[in-house]
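# Per-entry structural report
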Amino acid sequence: MAVIHHTTLKPTKLELLTAWLPTRPWYRGATEPELAKAGGFRLDDPQGEVGIEFMVVTDASGPQPVAYLVPLAYRGAPLEGADHALVGTMEHGVLGRRWAYDGCHDPVPAAQLAALIEGRAQAQDQNISDTPAKEVVVSCTGEGSLSSDFTVTDDREGTALTTPQGTVLRLHRALQPAADGPVVPPQGAIGHVAGSWEAPDGTRAQGAFAVLHGGGRA
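Reading the values: the criteria
- Residues numbered from 1 in each chain as written.
- Predicted model: local features only at pLDDT ≥ 70, side-chain atom pairs only at ≥ 80, totals over all residues.
- Heavy atoms only, no water.
- Helix = DSSP H or I, 4+ residues; strand = E, 2+ residues; numbered from the N terminus.
- Contact = heavy atoms within 4.5 Å.
- Phe/Tyr/Trp six-rings, centres within 6.5 Å; stacked < 30°, edge-to-face > 60°.
- Buried < 20%, exposed > 50% of the residue type's maximum accessible area, 1.4 Å probe, protein only.

### Re the environment of leucine 113
Inspection of the secondary structure assignment puts leucine 113 in helix α2 (residues 107-117). Separated by 81 residues in the primary sequence, leucine 113 and alanine 194 have C-alpha atoms spaced 12 Å apart. Apart from the residues within four sequence positions on either side, leucine 113 is in contact with Leu43, Phe54, Leu169, Leu171 and Val193.

### Examining the packing of aromatic side chains
Tallying each qualifying case throughout the model produces six aromatic pairs. Seen from their ring centres, tryptophan 20 and tryptophan 26 are 6.0 Å apart, and the 65° between their planes marks the pair as edge-to-face. Across the pair, tryptophan 26 and tryptophan 20 agree in class, each one buried. The interplanar angle of 10° and the centroid separation of 6.2 Å between the aromatic rings of phenylalanine 41 and phenylalanine 209 together place this pair among those described as stacked.

### Focus on the environment of threonine 162
Structurally, the position occupied by threonine 162 is in strand β9 (residues 158-162). Residue class for threonine 162 comes out partly exposed when judged on its relative accessible area of 25%. Not counting chain neighbours up to four residues away, the residues in contact with threonine 162 comprise Asp149, Phe150, Thr151, Thr167 and Val168.

Right, here's the structure in full:
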């Protein structure tokens, strides 16, 4: 299990995201976001090298607050060929210089998200070491293994991770709160990840983070 260090970050994650989010095609707010950390979960890298966090932030800069899902990969060295996905660098009080990448464009978080949907990985608490995340719900009805050889595409609706067999894992970047009751994946979906976050008014919202749409399976 990954160890979460409670220490300083310079700049902070929210400071990095304030500059980065407006550059994304799925961002819907103003040019200067007003961000707050609202929830999320972590996944473990089996090799213990990459920190993986699926962070939810709320942005109050627009007419209505919007919650965004931001998967992040924290590395101790630059990821070759991933300059386009670099969110920024931070100085970690324990680990030193860390390179933060959009986790959808980093092969380690993408593979672990696939493992989570298939039940081969466990969502971990965002802030406490060795503690499962209680509010993350996962389903998978497809057969066979999901390839993690993804082609990644960002658009106004979010991020699509497409396998060579045509299966699409779509991450909802601007999150939509579900109605009361459990989050139900859309018709035709063969898997999903749902979670909850804190709305700016202090209430808890829940919704789909990622949905797996059918195609071929390995």
